[in-house]
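Residue-level structure breakdown
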Amino acid sequence: MPTAIPCLLMRGGTSKGPFFNAAHLPDDVATRDRVLLAALGSPDRRQIDGLGGAHPLSSKIGIVSLSTQPGVDLEFLFAQVQPDQDAVDTRPNCGNMLAAAVPFALETGMLQPRGDRATYCVLSRNTGMRTEITVPLDKGQLAELGDAHIDGVPGSAAPIEVRFLETAGSVCKRLLPTGNPRDRFNVRGAGFAPFILDATCIDNGMPLVIFEAAHVGATGYETVAELDAHMDLRRRVEALRLQAAVAMGLGDVSAKSYPKMTMIAPPRHGGALTTRSFIPHVCHESIGVLAAVTVATAITLPGTVCDGLAVRCPGPGTERLSIEHPSGALAMNLSDAAAQNPALPKVALLRTARVLMRGEVMVPSTVWKGP
Ligand code: NQM
């Protein structure tokens with residue numbers, strides 16, 4: 001008999017995947033990871049024998065538990081599985097999947113509803129980041145309808161307000177892991193001529209290497225399909241990633257999902273900057289939430305590769321920055337704290353999320369016999 005594990009399939013922002021109550025998964029991490037791989041159907045490019053969507057954005061998992069820490073309601077562990085790899089990466093955050101943690105906990109009765117609009121504090125166990133998440137409630141659940149639209153998801157839904165409290169140096173030791181706003185790399189590798197380029201290595205929620213599209217022979221306005229098909233560009237970007245990761249203190253990241261690679265170009269649609277993100281090998285259909293927060297932070301810091309390309313309207317109080325991406329833009333507010341201490345911006349943005357299916361995921365008993 002296969003093992004049946006209670007699970008909700010959820011969309012969080014522009015990502016989706018199964019969500020579990022941590023108590024329903026094995027405690028032993030190696031067994032848990034085998035269960036997660038089996039649930040998604042990895043390693044297999046098509047994930048045909050599991051719930052995974054055969055793309056990194058739909059090959060994600062959320063694991064939720066109640067917190068015993070003072071002032072924290074929930075704990076959230078994000079797990080990334082690459083469709084064709086036999087590994088589970090719980091090191092980096094995912095701001096999109098995080099947006100579904102509170103709706104999951106309400107739906108499964110883990111969290112008690114509070115009135116018709118409630119704020120919960122969620123601790124991301126991946127990096128120790130706390131986030132305040134405010135949701136509109138209807139009959140104790142996330143309200144079904146609303147007028148919040150996020151680019152990359154059709155239609156509109158109830159707004160989920162996300163305020164990140166601690167983001168700087170999530171996986172790296174600090175916001176600027178090399179100590180510099182810009183570093184010069186002499187990139188070498190098999191199958192391409194060596195090239196030199198400047199990049200900003202930065203981690204404000206997501207470790208990123210940011211570089212100008214024009215410096216790797218791209219415009220920065222290509223479609224996702226064009227970039228995914230551009231094997232020569234992808235080889236050069238990967239060589240830069242491996243080299244920059246060492247400079248960021250991350251060591252050998254050949255089998256890791258971070259740092260992500262963000263190509264930038266001047267904005268075309270009224271935003272601050274245009275981006276194309278490799279996560280880290282295929283191109284993101286939009287941009288990761290914390291990746292966008294990290295790009296926005298790079299825009300506010302002097303001397304980064306965004307200087308001279310980004311368009312800003314800074315003023316007193318909150319600065320609104322919109323990061324353009326292949327399916328639109330992701331806007332956020334950087335609060336006054338950013339002006340006072342650029343190393344620790346407080347960022348607020350909107351996401352939406354939805355329960356797509358309730359049920360049990362069936363895992364072969366050879367993987368786990370159950371509790
Ligand atoms: O950066 C994709 C996503 C993400 C991560 C990725 C994310 C974030 O869009 O916070 O949300 O970078 O692999 O789900």
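Please refer to the structure placed before this passage.
Now for a look at the structure at hand. Only a predicted model underlies this, so the values are computations on that prediction, with no experimental measurement involved.

It is worth spelling out unusual backbone geometry at this point. Note that the residue after Ser-42, namely Pro-43, is joined by a cis bond; omega there is 0 degrees. With respect to the helices, strands and loops of the structure, Pro-43 is situated in the loop between helix 1 (29-40) and strand 3 (60-66). Tyr-258 connects to Pro-259 through a cis peptide bond whose omega is -5 degrees. Mapping Pro-259 onto the fold places it in the loop between helix 5 (231-247) and strand 13 (260-265). Its identity as a non-glycine residue notwithstanding, Gln-47 has a phi of 45 degrees, on the positive side. Of note, Gln-47 is situated in the loop between helix 1 and strand 3. On the neighbour-count criterion, Gln-47 (22 C-beta atoms within 10 Å) is buried. For Ala-54, which is not glycine, the phi torsion reads 60 degrees and is therefore positive. Structurally, the position occupied by Ala-54 is in the loop between helix 1 and strand 3.

Further remarks concern the nonpolar core. Counting 103 residues, the largest nonpolar core has Ala-101, Val-102, Ile-210, Ala-292, Val-295 and Ile-323 as the members making the most contacts within it. The element that contributes the greatest number of residues to this core is helix 6 (residues 289-300), accounting for nine residues. When sequence neighbours within four positions are dropped, the list of residues in contact with Ile-210 reads Ala-199, Thr-200, Ile-202, Thr-262, Ile-264, Val-295, Ala-298, Val-305 and Cys-306.

Calculation criteria
Residues numbered from 1 in each chain as written. Predicted model: local features only at pLDDT ≥ 70, side-chain atom pairs only at ≥ 80, totals over all residues. Helix = DSSP H or I, 4+ residues; strand = E, 2+ residues; numbered from the N terminus. Buried ≥ 20, exposed ≤ 12 C-beta atoms within 10 Å, placed from the backbone. Core = buried A, V, L, I, M, F, W, Y, C linked by C-beta atoms within 7 Å. Contact = placed C-beta atoms within 7 Å.

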